[in-house]
Structures are given as structure tokens and as C-alpha cells.
Amino acid sequence: MSDDRGLRGFARAGSVAVVGASERNLLARITIDNLRRWGFEGVVFGIHPRAAAVDGVPVHPAWDDA
């Protein structure tokens, strides 16, 4: 039997920040897409100093602005 306690905590998170989010960052785009696909119901936002949005997800320039 696997230990999925960490995944349960992640699934119940109220929000997720994707650090380095930009249209050019493939990993960020895949992460955002998977959160939607898997039905994550919390708030998703990105952190990147120069991006404005990634696939409709708002991006903030720094942690302090999120």
C-alpha cells in the first residue's frame, strides 16, 4: 500500500503558486494544465518578474505581490 498523505495534503490546498510561470516555461504550462485536468479547486497563480499571465492564470512579479 502506498503512502499518499502528501498528495492528500496537496489536493486539499487552498492555493498553489507556480514559481517561474511564463508562456515560455513548458513545465509551468504543464503544471497549470494538470492542476485543471485533475480538478484542483483552489486558486492557481504564478510567480514571475516579467510575465502577466499564463494560459489565463494571473502571474505576480514576486511572492509579496501574490
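One structure accompanies this document, and this report is about it.

Cut-offs applied
Residues numbered from 1 in each chain as written. Predicted model: local features only at pLDDT ≥ 70, side-chain atom pairs only at ≥ 80, totals over all residues. Heavy atoms only, no water. Helix = DSSP H or I, 4+ residues; strand = E, 2+ residues; numbered from the N terminus. Buried < 20%, exposed > 50% of the residue type's maximum accessible area, 1.4 Å probe, protein only. Contact = heavy atoms within 4.5 Å. Areas by Shrake-Rupley, 256 points an atom, 1.4 Å probe, with all protein chains shown as cover. Pairing = 2+ DSSP bridges. Salt bridge = Lys/Arg side-chain N within 4 Å of Asp/Glu carboxyl O.

## A look at the overall build of the protein chain
Piece 1. The helix and strand inventory of the protein chain stands at two helices and four strands.
Piece 2. Helices and strands in the protein chain line up, N terminus first, as α-β-α-β-β-β.
Piece 3. The burial tally for the protein chain puts 26% of its 66 residues in the buried class.
Piece 4. Taking the intrachain contacts of the protein chain between residues at least 6 apart in sequence as the baseline, contacts between residues at least 24 apart amount to 49%.
Piece 5. Of the roughly 4900 Å² of accessible surface on the protein chain, 55% is carried by carbon and sulfur atoms.

## Some remarks on the pairing of strand E4 (residues 57-60)
Piece 1. Of the two faces of E4, only one is covered, namely that formed by Val 57 and Val 59; the face formed by Pro 58 and His 60 stays uncovered.
Piece 2. Sheet topology places strand E2 (residues 43-47) next to E4; two bridges connect them, and they run parallel. Across the sheet, the residue bridging to Ile 47 is His 60, located in E4.
Piece 3. Bridging between strand E3 (residues 53-54) and E4 involves two bridges; their strand directions are antiparallel. Note on E4: the bridge partner recorded for Ala 53 is Pro 58.

## Observations regarding the pattern of salt bridges
Between side chains of opposite charge, a pair can form when the charged atoms approach closely.
Piece 1. Tallied over the entire structure, the rule returns two salt bridges.
Piece 2. The partner of Arg 37 in a salt bridge is Asp 33, with the nearest N and O atoms 2.5 Å apart. Of this pair, Arg 37 and Asp 33 both sit in helix H2 (residues 26-37), four residues apart, which is roughly one turn of the helix.
Piece 3. The partly exposed category is assigned to Asp 33, whose relative accessible area is 31%.
Piece 4. Here Asp 55 makes a salt bridge to Arg 36, at a shortest N to O gap of 2.8 Å. Taken together, the residues span a long stretch of sequence, with Asp 55 in the loop between E3 and E4 and Arg 36 in helix H2 at a distance of 19 residues.
Piece 5. A residue is classified by how much of its surface remains accessible, and Asp 55, at 48% relative accessible area, is partly exposed.

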